[in-house]
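What the coordinates show
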Amino acid sequence: MTVPRKQVHLGAHFPGVNSTTVWTEPDSGSQIDFASFEHLARSAEDARLDFFFLAEGLRLREHKGEIFDLDVVGRPDTLPVLAALAAVTDRLGLVGTINTTFNEPWEVARQFATLDVLSGGRAAWNLVTSPDAFTGANFRRGGFLPYEQRYERAAELVAVARALWDSWDDDAVLGDREGGAFLRDVEHVGPHFQVRGTFPTPRGPQGHPVLFQAGDSGQGRDFAAATADVVFSMHSTFEDGRAFYRDVKDRLPALGRREDSLKILPATSVVLGDTAEDAAERARVIRRQQVSGPGAIAFLEQVWGVDLTAYDPDGPLPDVEPDVGNADITRGRVRHVKDPRPVVAAWRARAEAERLSIRDLVIAVTSRGGFVGTPTHVADEIDRYVQQDASDGFILVPHLTPHGLDDVLATVVPLLQERGSFRAEYAGPTLRDHLGLDRPAEGRAATAHLDQQPVG
Amino acid sequence: MTVSPRSTHLGLDLSDAGPHPEAWRTSGSEPHRLFDPERLRELVDTAQRATLDFVLFDDAFALHTSRNTTLRGRLDAALVSARLAPRSAGIGLVATVDTTHTEPFHVAKALQTIDHVSHGRAAWQVAWSTSPQVTAAFGRKQVQDEADAVAEADEAVDVVRKLWDSWEDDAEIRDVATGRFVDRDKIHRIDHEGVRFVVRGSSITPRSPQGQPPVVVRATSSPARAFAAHQADVVRIAVTDRADAAVQRAEIRAAAAAVGRDPDEIRVLADVLVVLGGTAAAARERLALLDALAGDARRPDGYAHVGTAAELAATVEDWTVTGAVDGFVLRPAALHTDVDGIADEVVPLLRAAGAFRDTYPGTTLRDTLGLARPASRYASAIA
């Protein structure tokens, strides 16, 4: 008997609003039409992937006070897209990013319970915690949340949502014409939320939707260890991945959790070729497409804090000094650097030593790795990462909409299946089944337990 | 095609098991499937076969205020509409979304997305809440009276419509030569600074197939009627008879004209509770059974048709031909019984009389309702 191999978990990320999505290719389709979402979801399900992953944005990004127009702009609303995908898929998990700052627990708990019911137990919530006033300007409360309170609010929001999901017993809907449903009231009073009442939505097949979390700070890792079922990480190199994996998993025993109750799934990209050289050349071409000339200048402007449009992207780095005070030149996305001066100095040195143009440099400093090679090589690598605890699998981020994962699903996934590292069939109907996660204890017992705990 | 000036508009309320609180207890109701999306899909299929204008889902943040022996429990109506969109065509999907506790920014992008997914079949029934229970569930506002909640709904619709207009139709240009994905001069901040909301914009979601999905308002009170006249594309009225309907329709049209709107761009639909039977006596027996289960005769306000399919078809034709209403929102007392009766008996009679379409006139709900697609208010500002 051989020891069963650790199983690889794979998700499909829908490419949209980010600097890696190449929209200039003739093969690039719509990031809005439902047909694009349907294609990626159906092909992911045909390949038996664990889930489909959708990001969210609540304000259009701005650069120098205007809408940033060099990347894809615009996207549909997360949860309605996932609800629609529930109609055209049967098993695939449906993961939606929903902000914990600009939503209320009663509403968001109800939406995810609904999605779980409408999908037959495939809903997951990726919690993000942006508190910024820029995004807040689209909401009636505005940018009300101090940065340091973002995880406090998120934790309380999740605690309330869980209490609401637990307020219906699994068998609350009797379906007995002589009887009827009986429910129990939920009450919660905390620093961020005062919530009381009878929750209107039945408990979904999973009990609780699966919770994803993507924070990387110490606070974010603590929050994930305490709360999440899956960590969506950015640590996609082997050694970095192993360190992150160990750090997060080591936080679990003290919280009474088993290691396998929390999956760590980095985002990664895959570039395939018939040979290693062929794949490397394709990867180089893709990087050139991802970093256009104007895109390279805009990237530098985010670091310099000054207008650099007069500079040639194929020429040397700007000779002007950065404006340290102008931290908000780009809004609506994570800043690249806190203090630009040492970064600028290092980049100048590197560009000079390696004879790099602005665009070459930006390509060099924004490359995040990912797997490049033949399908066999990439399958080997994915399996190595998982068997050696650099991750529990990957969220695959393609650079093209909607066909960007077609080749990976057709070639790499079957190789993983042949190795016995990836399922050939779904073991059960729910996302919890795919991820090997326990179903939370039902209603009354779980809620009684929660009543005893401080929240937040 | 049989579209004529005499053609009526018909919506179908698919909320719960039917508006009668005991509908789920009668035979054929399949109570174990009340939250099953496939059950809803089957009902939508039936409505689509009958080329009804739209199906409609009520919603609220509170559980129904009824006894535990009656149907309780609700799914989010916007997500239900989205779930039904890919497996339907032609028929409009009207989702109820609250404005008292929901952010207009969230409402705008949710409805735009359903419109994208359905290729132009989304609509929004605007709801507001004066309930202390819902206020407590959110815990961040004081209880509002109806006038206040409706005033807030009116402003929320303003915000949402501005967000729907915030992208011009051709904002996405994919200009490879300059590297610009959009023409940012065609994406507009709304900069709404009103009484209740300050919202910057733009929507994150590009303009949807209908530009603005139709807005449906139930004109159930004096503030709601004024709001409907100001904002609604489709107005639902509760009526006692044809004469009452005619008076209400005329009042709404006059009130709309008074605020500068074209009354012909508004559809006024009367709510009717539908209890069908092979004979009038059989229909009355069905209703008596439902009332007996409830222990009393509670039912929605307004006109009820308790009788045969032929009688209902005659009423629909009569009220439409005489201009009392533009159509009806049919509220089948028990979905599992009366939806089939509407599709298989009432609609064929109306079609035979030339009083209802036998195909959809276009692809969008605005096409079906005969409502023009609005231009973005910001487009003209540029020109």
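Residues numbered from 1 in each chain as written. Chains lettered and ligands numbered in written order. Predicted model: local features only at pLDDT ≥ 70, side-chain atom pairs only at ≥ 80, totals over all residues. Heavy atoms only, no water.

As annotated in an unreviewed UniProt entry, chain B carries the name Luciferase-like, subgroup and is attributed to Cellulomonas fimi. Of chain B, the UniProt comment under Sequence similarities (unreviewed entry) reads exactly: "Belongs to the NtaA/SnaA/DszA monooxygenase family." (UniProt positions renumbered as here; feature names shortened; annotations may be inferred.)

Looking at an unreviewed UniProt entry, chain A carries the name Nitrilotriacetate monooxygenase component A/pristinamycin IIA synthase subunit A, with the source organism given as Cellulomonas fimi. The annotation that UniProt attaches to chain A under Sequence similarities (unreviewed entry) is "Belongs to the NtaA/SnaA/DszA monooxygenase family."

A count of helices and strands for chain B gives 12 helices and 13 strands. Whereas a compact globule of 383 residues would reach a radius of gyration of roughly 21 Å, chain B reaches 21 Å, a difference of no more than 12%. By principal-axis analysis of the C-alpha atoms, chain B measures approximately 70 × 50 × 40 Å. The 383 residues of chain B split such that 61% are buried. Long-range pairs, those at least 24 residues apart, make up 77% of the contacts in chain B with a sequence separation of at least 6. Across chain B, 43 positive and 54 negative side-chain charges occur, with their mean positions spaced 2 Å apart. (Helix = DSSP H or I, 4+ residues; strand = E, 2+ residues; numbered from the N terminus. Rg over C-alpha atoms; globule rule 2.2 N^0.38 Å. Buried < 20%, exposed > 50% of the residue type's maximum accessible area, 1.4 Å probe, protein only. Contact = heavy atoms within 4.5 Å. Lys, Arg positive; Asp, Glu negative; His and termini not counted. Charge placed at Lys NZ, Arg CZ, Asp CG, Glu CD.)

All names here are of chain A. Look at helix α2 (residues 78-88) against helix α3 (residues 105-118): their axes get within 9 Å of each other, and the N-to-C directions meet at 15°. Classified by the angle between their axes, α2 and α3 sit roughly parallel to one another. Judged by the sense of rotation from one axis to the other, the crossing of α2 with α3 is left-handed. Contacts between α2 and α3 involve L79, L82, A83 and A86 from the first element and Q111, F112, L115 and L118 from the second. Looking at the contact of α2 with α3 residue by residue, the classes come out as seven nonpolar, one polar and no charged. (Axes fitted to C-alpha atoms, helices over the stretch in contact; angles between N-to-C directions. Parallel < 35°, antiparallel > 145°, perpendicular 65-115°, else oblique. Left-handed = near helix turned anticlockwise from the far one by under 90°. Nonpolar A, V, L, I, M, F, W, Y, C, P; charged D, E, K, R; others polar.)

Attention now moves to the UniProt feature "binding site: FMN" (unreviewed entry) in chain A. All names here are of chain A. Here, UniProt's "binding site: FMN" (unreviewed entry) annotation points to T97, Y151 and S217. Along the chain, the position of Y151 falls in helix α5 (residues 150-165). Excluding residues within four positions of it along the chain, Y151 makes contact with T129, Q213, G215, S217, Q219, G220 and F223. The residue S217 is located in the loop between β9 (210-213) and α6 (218-227) in this model. Other than its neighbours up to four places away in sequence, S217 contacts R150 and Y151. Only 3.0 Å separates the side chain of S217 from the backbone nitrogen of G220, close enough to count as a polar contact. (Polar contact = N/O pair within 3.5 Å; in protein donor to acceptor, adjacent residues only side chain to side chain.)

What follows is about the domain arrangement of chain A. All names here are of chain A. Split by domain assignment, chain A resolves into domain 1 (7-272 + 373-433) and domain 2 (277-364). Across the contact, 18 residues belong to domain 1 and 18 residues belong to domain 2. Summed over both partners, the interface of domain 1 with domain 2 buries about 1,600 Å², with 54% contributed by carbon and sulfur atoms. Scanning the region where domain 1 abuts domain 2 turns up four salt bridges. Here R331 and E62 are joined by a salt bridge, their closest N and O atoms 3.6 Å apart. Summed over the shared surface of domain 1 and domain 2, the result is nine residue pairs in polar contact (both at pLDDT 80 or more). Its residues placed into classes, the side of domain 1 that touches domain 2 shows six nonpolar, six polar and six charged. (Domains from an automatic or database assignment. Buried area = accessible area lost by both parts, 1.4 Å probe. Salt bridge = Lys/Arg side-chain N within 4 Å of Asp/Glu carboxyl O.)

Attention now goes to the confidence of the model for chain A. When pLDDT is averaged along chain A, the result is 89, and 89% of the positions lie at 70 or above. This stretch, residues 444-456 of chain A, has a pLDDT under 50; its non-local contacts, to residues over four places away or in other chains, come to 19 contacts. (pLDDT = per-residue confidence, 0-100.)

All names here are of chain A. As summarised here, the arrangement of the eight strands in space is β1-β2-β5-β6-β9-β10-β11-β15, forming a closed barrel in which the pairing is parallel. The mean angle between the axes of side-by-side strands here comes to 30°, regardless of whether they run parallel or antiparallel. Examined bridge by bridge, strand β1 (residues 9-13) and strand β2 (residues 51-54) share three bridges and lie parallel to one another. By the bridge assignment for β2, H13 is matched with F53. In this fold helix α7 (residues 238-250) packs onto β10 (230-233) and β11 (263-268), with an angle of close to 150° to the strand it touches most, β11. (Pairing = 2+ DSSP bridges.)

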